[in-house]
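# Geometric and topological summary
What follows is each chain in one-letter form.
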Amino acid sequence: MAAPGKGRIVGIVLVVAFIVVAGFFFNPFASSVPEGVDTDATELRSVTWSGDDYEVVTFEDELFVLNPENVEVYALDEDATRDFISRDRNTLWLQQRTVEGLGLDAAELEPAA
C-alpha cells in the first residue's frame, strides 16, 4: 500500500485548520439575541418617551406606542448593545444606555437573565 504524498497531507491539514478556525467565527447553534431575551424577539432601532408612553421603532420601521403599565421592562447586562421587544409586544429588553436615556432607575428593573 502506498503512503499518501506530502501534498495530500498538507491538504488535509489545511482543511482541518480551516474547519477549526471557522468554528470560532460561526456557530450555527448560537442565538443572535443576548441571554435572557426571547429567541423570537425583534431588535429595536429606538426607544423613546411619547408623553406617558414608550414609543418603540423596529428596524423594519414598525412603530409601537406602549403604555408602561402594560409592558414589562428588563435591563440587559452592561455589555448588551441592542434593545428588543417581544413578539406579543408586551415585554422590552433594554440595554443600559437606553435605560439611562429614558431616565429609568435600573435598580428598579428586573435583570434579563
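In what follows, the accompanying structure is described.

This next bit is on the overall build of the chain. Across its full length, the chain carries two helices and seven strands. Along the chain, helices (α) and strands (β) appear in the sequence α-β-β-β-β-β-β-α-β when read from the amino end. Of all intrachain contacts in the chain linking residues separated by at least 6 positions in sequence, the fraction that spans at least 24 positions is 39%. In the form shown here, the chain has an accessible surface area of approximately 8100 Å², with 55% of it arising from carbon and sulfur atoms.

Attention shifts here to the packing of aromatic side chains. In this structure the tally under the stated criterion is one aromatic pair. For the pair Trp49 and Tyr54, a centre-to-centre distance of 4.6 Å together with 20° between the ring planes defines the contact as stacked.

Taken together, the seven strands give an open sheet; going across it, the order is E3-E2-E1-E5-E6-E4-E7, and neighbouring strands pair in mixed fashion. Each edge of the open sheet is held by one strand with a lone partner, namely strand E3 (63-66) and strand E7 (110-111). For strand E1 (residues 42-50) and strand E2 (residues 53-58), the ladder comprises six bridges, and the chain directions are antiparallel. By the bridge assignment for E2, Val47 is matched with Val56.

Rules behind the numbers
- Sequence order as written defines the numbering, with residues in each chain counted from 1.
- Local features are withheld for residues below a pLDDT of 70 in this predicted model, meaning they are given only at 70 or higher, and side-chain atom pairs are given and counted only at 80 or more; totals for whole chains, interfaces and linings count all residues.
- Each side-chain value is worked out from all heavy atoms of the structure, with water and hydrogens disregarded.
- Helical segments are the DSSP runs of H or I of at least four residues, strand segments are the runs of E of at least two, and each set is numbered from the N terminus.
- Residue contacts are counted whenever heavy atoms from the two residues lie within 4.5 Å of one another.
- Note on areas: these come from Shrake-Rupley sampling with a 1.4 Å probe, and a residue is covered only by the protein chains present in the view.
- Ring geometry is summarised as follows: Phe, Tyr and Trp rings, the Trp one being its six-membered ring, pair when their centres sit within 6.5 Å, and such pairs are stacked at plane angles under 30 degrees, edge-to-face over 60 and tilted between the two.
- Here, strands pair whenever DSSP counts at least two bridges between them.

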